[in-house]
Amino acid sequence: MKIQRTATAGDFIRAKTKSKNVRAVITQIAYFISGFIVSAGAVFGSYAPFGGSLVAAVPSGYLISVTSGTIFGYIIMTPSGSFRYVATVLAIGAIRWTFSDLTRVNSMRLYAPAVAFVPMLATGLVLAAVGDFQLKLVFMCIIEAALAAVAAYFFSRTIKLSFGTRGLANLNQQEIACIVMTLCILLLSCSSLQLAGISIGRIIAVSAVLICAKYGAVAGGCISGVSTGVVFSLSDSSLSFLGGAYAFGGLLAGLFAPTGKIGCLLAFFVCSTVMAFQSGDMTVVLGTIYETAIAGAIFLLLPRDLGNTLSAVFAPPTDKTHSEGLRRSVIMRLDFAAQALCDVSSAVDTVAEKMKKLFSADPSRVYSNSAEEICSNCGLRVFCWEKQKQTTLSDFQSLTPALKKNGKISEKDFSVRFAKKCCKSREMAQSINKNYEAYLAYLSAERRVGEVRAVVAGQFSGLSEILGEMAEEFKSFERFDSACSERVSCALKEEGIAPIDVSCRIDRFGRMAVEIETVDFHSSNVKNAVLSKAVSRACGRHFDAPCISLAPNRCKIQMSERASYDVEIGSCQHISNDGTLCGDSFNYFSDGLGRLVAVISDGMGTGGRAAVDGSMAESIMSKLIKAGLGYDCALSVVNSALMVKSGDESLATLDIASIDLFTGDCELLKAGAPLTFVKKNGKALRYNSTSLPAGILTDIKFSHERLNLNPDDRVVMLSDGAVATGDTWLEGMIENWDKESAQDFAKSVVAEARLRRTDGYDDDITVIAMRLIENEEDS
């Protein structure tokens, strides 16, 4: 029998140590190759100081690898001056080794530039001495040593940044410039690699400038253009025009970034071609044209996702402390205002209860008012209201049952005793009837005032919830991208849309949401696909179709990044008795925050009145969700609207399914709605809960059910007309739903529900069928 050995802690440590050793070897090889490549970078035709710069800048642990690679590179790539540069590299290495124990000195920013400058200048002056210290040679030695020092500074800063934990988007402009200059020097080393006079290094450089200009706008184009232009113009006197060509070309490409890749490319191409004629050499001009054309082809073929990070890298610096403080201040004020409104709602309810106790209506006031009217001038007043007061009051109280039953009394309803002693019984009966009618009117008015008071208090509570949800929403967003907002605004103007305000928000998961406010927006003029493409191009991210909500003279457009999932959705509706007005109303839409929302509302009964209630509830709910309100807050508003719509009772059910297309999380919310079916793993699951429709009580809440959906899971929502004869048959249909489309399945359910209705009654039927699918990637 074979015995399996159990892994021990020692095995884990050894494996981890082996992994570290492998990484260390790979890093040493990478530094060796870097030294070899950088040594080939030449300026002014024959000066190659950058190998020494790298040796001066690298950490001590990689000094031997870089020194070896640099020496090997100088011997292979620059054989004519290799002796001098090898000596320089060895001198720099010796200085580094000598001062390696002085940690404080090594950590100084000017240490690497100084170590590169002194040996490079010393060896250069030795060669100048051989040439009798010609002034030109001396100046060139000083310039070369200065370039070595500057390059060493860039190298040292870039290496330190590479060992840090900050991402590119969190670097400042100076740090980005250091990285760009380091990359330019590496590209300069590749410029000597040529095919038919076309430099591979310059092709890569032009591609980099175009990418930075497209996704970094003017800032990206300027930084990359100036950096590559300066470095490549120093490589040879015949290429001095590249300084202006790349710098000005990067600027123009950044300015034309909103027009797309082709606009960037054409701007750079025209600029570089015009500047190339400055050289006076048609061979150079043609080489520049070919290099730009090849770089442009590479640029056009690169995927759009490549620029997502660059957009954030070249964004203008923002005062994060100020913006974070402002965000927290807004959140604090919203929270405080929400709590204050909640206290107002509670205070209104408390005061109303106390006032009710102090000034409540009393039926005995009916009798006292009548006695005041009839008995005040009666000669028997002393006898009835002073000598026999309790007897008289008792006689009046005996009339209460007849008043409540009939709403009025007559002389016959008085007791015999009262009739004998009262000579004005007919007038008394009439007065009591009149005062009782006034009493009933008072009760009705008080009840109505109570209802209005409850609605008003509910509105205070609703406003409190709205402000609280706004505060929570602000908390969920990490930061606002102002540069991206400006690019979106420019893109909208090009599409004929006049934005009032644009906000690009990034949440804690790194997902961006774009919110746009415009003047009157006619979706027929600009297609959703065009709008989505324009915003995606401006932000360097893929966005879903927009969610558009309208208000008087205003339009709000919300968009979220394209999610991992999509929903295939189908719907079908049958109107009772094949009429024109349906008591059911439904809608489904993207809320602009990465969620698909489906809503069904069923008004009470059928026909016109039910159609008004159902349509009103669904319409208000959909508009409020699109406007950014939470579901429970929106339900409070719908409930209040139904209660104050008219004096008649108005009620409607609400059934909502909200699917998060990033995570697959699904929330089912019901207010008096029937069950919802969810098909998972081939099984039809029922989700039903007890809840009340909107429009009945002032305080109403959704019932909530939460679940997670996987690709190919199905959700079926329906109105009560679909399950009037039971729902067992529907469970079987859903479990057998496989290849049929969502639209065809919804039609099949409606048709089957109608066939099963055999009681002669025809009800409104609405079915929404949904299937979660993987989102297709853009081609």
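Structure first, text after, so check above.
All values reported here derive from a predicted model rather than from experimental measurement.

## Quick word on the pattern of salt bridges
Logical step 1: In total, this model carries 18 salt bridges according to the counting rule given.
Logical step 2: Across the pair Glu144 and Arg84 runs a salt bridge, and its minimum N-O distance is 2.7 Å. Placement of Glu144 in helix α7 (residues 135-162) and of Arg84 in helix α4 (residues 82-98) is noted, with a sequence separation of 60 residues between them. For the pair Glu144 and Arg84, a shared accessibility class is recorded, and that class is buried.
Logical step 3: We note a salt bridge from Arg562 to Asp544, for which the minimum N-O separation is 3.5 Å. Placement of Arg562 in the loop between β7 (554-560) and β8 (565-574) and of Asp544 in the loop between α22 (528-539) and β6 (547-551) is noted, with a sequence separation of 18 residues between them.
Logical step 4: Given the relative accessible area of 18%, Asp544 is considered buried.
Logical step 5: By sharing partners, the salt bridges in this structure join Glu568, Asp712, Arg714 and Arg771 into a single network.

## Thoughts on the side chain of Ser227
Logical step 1: By the secondary structure assignment, Ser227 is in helix α9 (residues 200-233).
Logical step 2: Within the structure, the side chain of Ser227 is placed 2.7 Å from the backbone oxygen of Ile223, a separation counted as a polar contact.
Logical step 3: What Ser227 contacts, discounting residues up to four positions off in sequence, is Val180, Met181 and Cys184.

## Quick look at empty space enclosed by the protein
Logical step 1: Evaluation of the coordinates by the stated rule reveals six cavities of 30 Å³ or more.
Logical step 2: Taken as a whole, the largest cavity holds about 130 Å³ of empty space.
Logical step 3: Lining the largest cavity are 15 residues, with Cys375, Cys378, Cys384, Trp385 and Cys422 positioned closest to its centre.
Logical step 4: Of all the secondary-structure elements, those providing two or more residues to the lining of the largest cavity are α16 (381-387), α17 (389-397) and α19 (416-421).
Logical step 5: For the lining of the largest cavity, the element with the highest residue contribution is α16, accounting for three residues.
Logical step 6: A per-class count over the lining of the largest cavity returns 11 nonpolar, one polar and three charged.
Logical step 7: As a volume, the second largest cavity reaches approximately 100 Å³.
Logical step 8: As for the second largest cavity, its lining consists of 11 residues, and the residues nearest its centre are Ala257, Pro258, Arg487, Arg537 and Ala538.
Logical step 9: When contributions to the lining of the second largest cavity are tallied by element, the ones reaching two or more residues are α9, α21 (482-494) and α22.

## Thoughts on the packing of α21 against α22
Logical step 1: Here α21 crosses α22 at 145 degrees, and the two axes come no closer than 8 Å. For the crossing formed where α21 meets α22, the hand is right-handed. Taken together, the residues of α22 that come into contact with α21 (itself represented by Cys484, Arg487, Val488, Ala491 and Leu492) are Leu531, Ala534, Val535, Ala538 and Cys539.
Logical step 2: Broken down by class, the residue content of the contact of α21 with α22 amounts to nine nonpolar, no polar and one charged.

## A word on the state of the cysteines
Logical step 1: Within the structure shown, the criterion is met by zero disulfides.
Logical step 2: Of all cysteine sulfurs in the structure, the one in Cys539 sits closest to Cys484, which takes part in no disulfide; the separation is 3.1 Å.
Logical step 3: A relative accessible area of 0% places Cys484 in the buried class.

## Quick notes on the packing of helix α25 (residues 728-736) against helix α26 (residues 742-755)
Logical step 1: Running from amino to carboxyl end, α25 crosses α26 at an angle of 155 degrees, the nearest separation of the two axes being 11 Å. Comparing their axes, α26 and α25 come out roughly antiparallel. Considering the relative orientation of α25 and α26, their crossing is right-handed. Between α25, through Trp729, Leu730, Met733 and Ile734, and α26, the contact on the second element is made entirely by Phe745, Ser748, Val749, Glu752 and Ala753.
Logical step 2: A per-class count over the contact of α25 with α26 returns seven nonpolar, one polar and one charged.

## Brief notes about the pairing of strand β10 (residues 595-603)
Logical step 1: Taking burial as the measure, the nine residues of β10 include eight buried ones, the bulk of the element.
Logical step 2: Hairpin connection, strand β9 (residues 584-590) to β10: the antiparallel pair is bridged by four residues, and Gly592 has positive phi, about 80 degrees.
Logical step 3: Bridge count between β10 and strand β11 (residues 652-660): nine bridges; the pairing is antiparallel. Looking at β11, one finds that Arg595 is bridged to Asp660.

## Remarks on the packing of aromatic side chains
Logical step 1: Summed over the entire model, instances satisfying the criterion amount to 10 aromatic pairs.
Logical step 2: Judged by centre distance (6.5 Å) and plane angle (25 degrees), the rings of Phe32 and Phe72 are stacked. With Phe32 in helix α1 (residues 9-38) and Phe72 in helix α3 (residues 63-77), this residue pair connects regions lying 40 residues apart in the sequence.
Logical step 3: Phe72 sits in the partly exposed class, given a relative accessible area of 42%.
Logical step 4: Taken together, a centroid distance of 5.6 Å and an interplanar angle of 25 degrees make the contact between Tyr367 and Phe396 stacked. Residue Tyr367 is found in helix α15 (residues 364-374), and its partner Phe396 is found in helix α17; the two are separated by 29 residues along the sequence.
Logical step 5: In textbook terms, an aromatic cluster arises when at least three aromatic residues are bridged by ring pairs, as seen for Phe32, Phe36 and Phe72.
Logical step 6: Seen from the ring of Phe662, Arg511 lies directly overhead, with NZ or CZ sitting 4.0 Å from the centre.
Logical step 7: Above the ring of Trp737, the side-chain terminus of Arg714 is found at 4.7 Å from the ring centroid.

## Concerning a nonpolar patch on the surface
Logical step 1: On the surface, a nonpolar cluster with roughly 750 Å² of combined accessible area is contributed by Val25, Ile29, Phe32, Ile33, Ile37, Phe72, Ile75, Ile76 and Met77.
Logical step 2: Looking at the nonpolar patch, the elements with two or more residues in it are α1 and α3.
Logical step 3: If you tally residues by element for the nonpolar patch, the top one is α1, at five residues.
Logical step 4: Inspection of the secondary structure assignment puts Val25 in helix α1.
Logical step 5: Residue Val25 is classed as partly exposed on the basis of its relative accessible area, which comes to 48%.

## So, the environment of Cys222
Logical step 1: Following the sequence through the fold, Cys222 ends up in helix α9.
Logical step 2: The exposure class assigned to Cys222 is partly exposed, which follows from its relative accessible area of 26%.
Logical step 3: Separated by 10 residues in sequence, Cys222 and Cys212 place their C-alpha atoms 8.8 Å apart.
Logical step 4: With residues near it in sequence (within four places) discarded, Cys222 still touches Gly250 and Leu251.

## Observations regarding the sheet that holds strand β15 (residues 703-708)
Logical step 1: On the basis of which strands lie adjacent, the open sheet formed by five strands has the order β9-β10-β11-β12-β15 and antiparallel pairing. Edge positions in the sheet fall to β9 and β15, since each of these pairs with one other strand and no more. Strand-to-strand twist of the sheet, defined as the mean angle between neighbouring strand axes without regard to direction, takes the value 10 degrees.
Logical step 2: Pairing between β9 and β10: seven bridges, direction antiparallel. The partner of Ser590 across the bridge, within β10, is Leu596.

## Quick look at the pairing of strand β14 (residues 683-687)
Regular strands show a simple pattern: their side chains alternate between the two faces of the sheet.
Logical step 1: Bridge count between strand β13 (residues 676-680) and β14: five bridges; the pairing is antiparallel. Its bridge partner lying in β14, Thr676 is registered against Tyr687.
Logical step 2: Adjacent in sequence and paired antiparallel, β13 and β14 are bridged by two residues, among which Asn681 carries a positive phi angle near 55 degrees.

What counts and how
- Residues numbered from 1 in each chain as written.
- Predicted model: local features only at pLDDT ≥ 70, side-chain atom pairs only at ≥ 80, totals over all residues.
- Heavy atoms only, no water.
- Salt bridge = Lys/Arg side-chain N within 4 Å of Asp/Glu carboxyl O.
- Helix = DSSP H or I, 4+ residues; strand = E, 2+ residues; numbered from the N terminus.
- Buried < 20%, exposed > 50% of the residue type's maximum accessible area, 1.4 Å probe, protein only.
- Polar contact = N/O pair within 3.5 Å; in protein donor to acceptor, adjacent residues only side chain to side chain.
- Contact = heavy atoms within 4.5 Å.
- 1 Å grid on protein atoms, 1.4 Å probe; cavity = no way out; pocket = protein on both sides within 12 Å on 5 of 7 lines; lining within 4 Å.
- Points joined across faces, edges and corners; volume = space filled by probe spheres on them.
- Nonpolar A, V, L, I, M, F, W, Y, C, P; charged D, E, K, R; others polar.
- Axes fitted to C-alpha atoms, helices over the stretch in contact; angles between N-to-C directions.
- Left-handed = near helix turned anticlockwise from the far one by under 90°.
- Disulfide = S-S within 2.5 Å.
- Parallel < 35°, antiparallel > 145°, perpendicular 65-115°, else oblique.
- Pairing = 2+ DSSP bridges.
- Phe/Tyr/Trp six-rings, centres within 6.5 Å; stacked < 30°, edge-to-face > 60°.
- Lys NZ or Arg CZ within 6 Å of the ring centre and 35° of its normal.
- Patch = residues over 30% accessible without salt bridge, like charges linked within 9 Å, V, L, I, M, F, W, Y side chains within 5 Å.
- Areas by Shrake-Rupley, 256 points an atom, 1.4 Å probe, with all protein chains shown as cover.

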